[in-house]
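# Observations on the three-dimensional arrangement
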Amino acid sequence: MKNLNHGLVKRKKRGRLAIAGVALATLVIASCGGSSSSSTDTDSSARELIVARDMDINSLDPSRTYCDTCQIYMAATYETLIGLDVNDPSIQIPRIATTWEANADNTVFTFALNSDAKFSDGSSITSADVKWSWERLMNIKGSASYFLDGVSSLEAPDDATVVVTFAAPNSAFLAIVSSTYMSIVNSKVASEEGNAIAASGADTTDLAEQWFFTNSAGSGPYTLESYTEGDSLVLVRNENYWGTPAVFPKVTIKQVKDASAQLQLLQNGDADIAMQLSFDSISQLDGNASVVATPKDSYNYVYIALSPGAKGAENLKDPKVREAIKLAIDYDGMIDITVAGNGKKQASPIPNGFTGSADLALPAQDIEKAKALMAEAGKESGFSIDAIFPNANVYGVDFNVMMQKAQQDLKAINIELVLQPVEWAKWSETIKAQGIPITAVYFAPDHTDSSQYVQYFGMIEGSSWAKRAGGGAAGTPVSNPTEKDLLAKALAAGSDAKAGLYTQLGQELINDLVILPMVNPQLVIANASDIEGMHYSACCNLELGKLTLKK
Amino acid sequence: MSAPTSYWGLMFRFIFRRLVVMPFLLFGIVTISFAISRFIPSDPLISIVGERQLNNPVVVAAAKQRWGLDKSMFGQYSSYMGNLVKGDLGISFRTKTPVVGDLIDRLPATFELAFTAMFFGTVGGVLLGVLAASRRNKFADHVSRLFALVGSSLPVFWLGLVVLYVFYARLGLMPGPGRLPPRVDSPEHITGFYLFDAMLTGNFSLVWPILQRLLLPAFALGWGLMGIISRLVRSSMLDELQADYVRTARAKGLTERIVFLKHALRNALLPVLTVSGFSIASLLTGAVLTETIFSWNGVGSYAVAATRSLDYPAINGVCILGGMIFLISNLVTDVLYAYADPKIRLQ
Amino acid sequence: MSANKLEIDTEKRQSRLSRVSNVAKRPQVAFGLVIGIFWLIVLCAVSIWAPYDPLEAVDSRLLAPSMSHLLGTDALGRDVLTRVLFGARESMPIAAAVIICATVIGTLLGAVAGYVGGWVDAVVMRITDVVMAFPAILLAMAISAALGPGLRNGFIAILIVWWPIYARLVRGQVLSIKQREHVEAAISIGATRRRILQKHVMPMAITPVLVNATMDFGQVVLFLASLSFLGLGALPPSPEWGSMITEGAKNFYQWWIAVGPGLAILTVVLGFNFLGDGLRDVLDPRSKGEK
């Protein structure tokens, strides 16, 4: 089974999060100006751009989208208050908001909107639209609705100001605002023509999802022309765009399932961009002057999870055993086998490039120490344990291959992994019902703040993996109250303190010995050689509006 | 009322009886497919909500409520049946659009492919069968019989891969997978059959490219049918050649060829018609297996995607549609056969 | 009386033997026998003399066919030829199990339905009607999707799809035989229904069942491969032919990955088709054979 099931959600990637405060924003504004310059001409003779992709679109409704391809769509047809610099995701740039600031304890966030900002129908973007869009995101209760958890008030005191107040400090909020899922929707058009509802109860009363399959109501460089599931997603240039107009008058994202088919289209010139090629393709495209393929670092990773609290996982209760497992894995070999060397090791569940990932020790194989630990735990004769994992191929990593390699590696310390690949639906049923001793999953970030990793992977009450691993509450096999305290501090911290706090958190997560990152795979990006500005964006996957043609 | 004895009376009773039974059969199909999809423990929530939000109670509760997954099994069944009667097959978990709409959008693609394959299979089969019968036990006969046999024994999805590889990837003679050339828009939608739409809208430059792209998948699908029909035609014709009327015709001095074609072939065509009609089921199966290979956006690839993501409404919808197509095509074939051959009793 | 019976018996035996050898000499049937024996040997002995392990990576990935790897290596560096041969051990036992169970269930239900008649017949026939109104692949897909992939669930799915064919077949046979004279004669003597069924009706009904079962063996292997191709049958890393063809589709330019399994399926379907033909000619030479 290749890739994810349709409807299953993927996440986007984000860069390192330093601080993007008002000062930096002012600098950036001063240097590049708020709106478009007149230097670019809309080149109507530019060809139609064709992107070959295995689309995983779960919805085109801004409050319901939650997938990789959705990010590309949203970034093209909608806009957020704050954007990320394409080349350095730690730099936040103004979009619909000209300035923004957080108060001292990160509970109140104020945004000033650009009066020039316009929707595709020519109407101005006001704070009412921001309030409406974010309220709808909350009230539709889709998968990204958690972004606004803990909001105590969302006010629009005047047309150009938005004030968001949190009950508890939330230093992640500015990063969250740059995520495409926080895009601003043309509330008038959506509610009048699409019957979209933003008020409380929208999850049962709103019926606009169908309308969004044929209309976009945003302010981005493109608008939606048509979407044919299983076939194509067609965007046309927004001629009323208030920023720098896009170069390509039309973009078609074509549904192409196999990486080899994508490669073929690219080579024939029938597609201009392909982003899901397999690692062999790079060598296949070597001699071809008309196509350029480059591997790029990503923030996604694949991990193995140990759940001491699961049924059948008694042997994992001793942390020495879990550490032995960690030390027995041949990480270099794992990277070779799964992604042909196009990947990196990762220290903690906070991925390479995020705040708190630097300065932590990368995992390394040490069989002798592993054996010693097993002996100390009294398990040198080893044991057999169930490894139920999803039968998936994600970001180029085949889970079957990865688990077989792990199985091989663990033989050295006499642990027998009983492999059982299952479908996602069965996996989710099993992990909910009784937990799974050893399993494999992947993670792709929703936004560029490291808090999401602690909230998801930390052994604190309420976190998903705490529930699955049997941790969280005090007295359970794995619980780590330090993480809770550190997280609270980090969410209240100013930008300078964050790095240190998240590094500590990273170390705590490593010490939990529940989540073992295996591979941080690279992504192969290939495009026709006359396309310029090709990138891999931390927030948005690929910002179509930023692509140009070589002169 | 005494039993009808007139021809049309019998015919009417025949069709009527079949039509009356159909809803019950469909009801059976619906119930079985519903039961299959709901009674086995498997969690569709993961396709709807995503792995990351599985433990988010608010999101999960909202999703369950929206998709009716919080109702009891019986509750789900009754609301499904209630909607079914109104012609509503529910909304697909995966595409988030109504299943009926999804199927209607995709039917023309599958039908275009299936009918082309049927055409290939039937015409090709007849020609091959005539060739084999006329050159009985000679080399041409053996070759065509082998060709026919191999066709019905090959896995159709493998055949699709092979012809694509040979004729597209290696020889470059045929275009690649997909219904249309890469940078071309589909013709204006009238029937959904690209060939007809292109011709009806005067877009004649598209006709040949569309036809080209139909050739490979239709061939892969149709070879099996070609095999069956050629064997049928061959044995039928060899039978007919013994018949009295042929001898009589020969005695009257008509040339060999006219005897052969006119009489033998015409009668041999009757079973061909039947077999062709009944081949819909296997063509549908073939479509399910080959559409993904040829990037054909039809009902087959929809069915595959639905089963992969446990999209219950879509799975049920495809089963019902498949059952309906099957039953209706069988009925039509039976009627045509009965009409064409008055000797057959309509019981 | 007994002496004549003896004569008739030896005559029957001799003519049956000569029939078998005549039939076996026909090229198609000979081909079928060769195929059958070949795969039987592979089934039993491949784990002994196979050059490589079908589940282990033995060389670099995606190597073209060469002397050391006659069918090259696949995306994980495993020898393709070895996997093709081991694939027989995945699909053929399951196919045999499906055929046996379908035959047994179908025969029992069909025989009872045909012989007893009445409401029993009606119920069984309606059930087979509904099951057969489903296009087989869709029903099997729905069942496999619900149960989850894996060969065991594939077995269940195909069994559910296949048994009505035999029920119908046997019922039809039983119905036509019921009318024949010797059964009426037995009834007139006062034999019980069960005895009649056992000694008179069943033996004559068995022939088409056996023939059909033999020919169906290849079809079931094909069907199982189709399910695996769709991702619903065998799970990786199992070397089932259908899932190998899926891998071949993913590595489209490495043609050697898909060629082997496809040819294997072809030989099995063809071979058992011919064997079924031959079997029919041996058991019931009165039926129409090939011209």
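Just so you know, these numbers come straight off a predicted model, no measurement behind them.

Scanning chain A for helices and strands turns up 18 helices and 23 strands. Considered along the principal axes of its C-alpha atoms, chain A spans approximately 70 × 55 × 45 Å. The buried share of chain A, reckoned over its 551 residues, is 60%. Summarising the internal contacts of chain A: among those between residues at least 6 apart in sequence, 72% fall at separations of at least 24.

Residues and elements named next belong to chain C. Note on placement: Ile156 falls in helix H6 (residues 151-178). On the basis of neighbour count, Ile156 is assigned to the partly exposed category, with 16 C-beta atoms found within 10 Å. Expressed as a C-alpha distance, the spacing of Ile156 and Ile177, which sit 21 residues apart in the sequence, is 32 Å. Apart from residues lying up to four places away in sequence, Ile156 is in contact with Ile143 and Leu147.

Moving on to the interface of chain C and chain A. Contact with chain C, which involves 11 residues of that partner, is made by 12 residues of chain A. Split into classes, the residues belonging to the side of chain C that touches chain A amount to 7 nonpolar, 3 polar and 1 charged.

Looking now at the interface of chain C and chain B. Opposite the 36 residues of chain C that make contact, chain B presents 39 residues. The element contributing the most residues to the side of chain C that touches chain B is helix H5 (residues 136-147) of chain C, with 9 residues. Residues of the side of chain C that touches chain B, tallied by class, amount to 28 nonpolar, 6 polar and 2 charged.

So, about the environment of Trp427 of chain A. Residue and element names in this part refer to chain A. Along the chain, Trp427 turns up in helix H14 (residues 424-433). Accessibility expressed as a C-beta count within 10 Å gives 26 for Trp427, which makes it buried. The spacing of Trp427 and Asn391 is 36 residues in sequence and 9.2 Å in space, taken between C-alpha atoms. Other than its neighbours up to four places away in sequence, Trp427 contacts Ile388, Pro390 and Val422.

Time to look at helix H12 (residues 280-290) of chain B. Buried residues dominate H12 of chain B, accounting for 11 of its 11 residues. Listed as buried for H12 of chain B are Ile280, Ala281, Ser282, Leu283, Leu284, Thr285, Gly286, Ala287, Val288, Leu289 and Thr290 of chain B.

Residue and element names in this part refer to chain A. Strand order in the open sheet formed by 4 strands is S4-S5-S7-S6, with antiparallel pairing between adjacent strands. The open sheet has two edge strands, strand S4 (97-102) and strand S6 (151-158), and neither has a second partner. Going across the sheet, the axis of each strand differs from the next one's by a mean of 15°, ignoring polarity. Summarising the sheet, S6 and strand S7 (residues 161-166) pair through 5 bridges and their orientation is antiparallel. Within the sheet, the bridge partner assigned to Glu155 lies in S7 and is Val163. In the packing of helix H3 (residues 127-140) onto the sheet, the strands contacted are strand S5 (108-113), S6 and S7, and the crossing angle to S6 comes to about 160°.

Residues and elements named next belong to chain C. Here chain C averages 83 in pLDDT, while 87% of its residues score no lower than 70. At the low end of the mean pLDDT range in chain C sits helix H1 (residues 2-25), at 64; at the high end sits helix H3 (residues 80-116), at 91. Here the predicted complex carries an ipTM of 0.84, next to a pTM of 0.85.

With 0 of its 8 residues buried, S6 of chain A lies for the most part at the surface. The antiparallel pairing of S6 of chain A with S7 of chain A creates a hairpin that spans 2 residues between the two strands.

With that out of the way, let us pick up the sheet that holds strand S1 (residues 49-53) of chain A. All names here are of chain A. Read from one edge to the other, the open sheet built from 7 strands follows the order S8-S9-S10-S1-S11-S21-S12, with strand pairing classed as mixed. Both edges of this open sheet fall to strand S8 (222-228) and strand S12 (291-296), since each of them pairs with a single strand only. Pairing between strand S11 (residues 273-274) and strand S21 (residues 523-528): 2 bridges, direction antiparallel. Note on S21: the bridge partner recorded for Ile273 is Asn527. Each of S1, S8 and strand S9 (232-237) is contacted by helix H2 (residues 68-77), which is oriented at about 140° to S8, the strand it contacts most.

Residues and elements named next belong to chain A. If you check the backbone angles, Asn195 has positive phi at about 55° while not being a glycine. Take Asn195: it is sitting in the loop between helix H5 (187-193) and helix H6 (202-205). One non-glycine residue, Ala340, lies in positive phi territory at about 50°. Checked against the element boundaries, Ala340 lands in the loop between helix H11 (331-339) and strand S14 (343-344). Classification of Ala340 as partly exposed rests on a count of 16 C-beta atoms within 10 Å.

Time to look at the pairing of strand S20 (residues 515-521) of chain A. Residues in a regular strand point their side chains to alternate faces of the sheet. All names here are of chain A. For S20, the tally of buried residues reaches 7 of 7 residues, placing the bulk of the element in the interior. Where strand S13 (residues 301-306) lies against S20, 4 bridges are found, and the strand directions are antiparallel. Within S20, the position partnered with Ile304 by the bridge is Leu516. Across 2 bridges, the pairing between S14 and S20 is antiparallel.

The next point concerns helix H4 (residues 73-85) of chain B. Taking 1.5 Å of rise per residue, 13 residues should cover 18 Å, and H4 of chain B covers 19 Å from first to last C-alpha, within 8% of that figure. Residue Gly87 of chain B follows H4 of chain B closely and has a positive phi angle near 85°.

Rules and cut-offs
- Residues numbered from 1 in each chain as written.
- Chains lettered and ligands numbered in written order.
- Predicted model: local features only at pLDDT ≥ 70, side-chain atom pairs only at ≥ 80, totals over all residues.
- Helix = DSSP H or I, 4+ residues; strand = E, 2+ residues; numbered from the N terminus.
- Buried ≥ 20, exposed ≤ 12 C-beta atoms within 10 Å, placed from the backbone.
- Contact = placed C-beta atoms within 7 Å.
- Nonpolar A, V, L, I, M, F, W, Y, C, P; charged D, E, K, R; others polar.
- Pairing = 2+ DSSP bridges.
- Axes fitted to C-alpha atoms, helices over the stretch in contact; angles between N-to-C directions.
- pLDDT = per-residue confidence, 0-100.
- Expected span 1.5 Å × (residues − 1).

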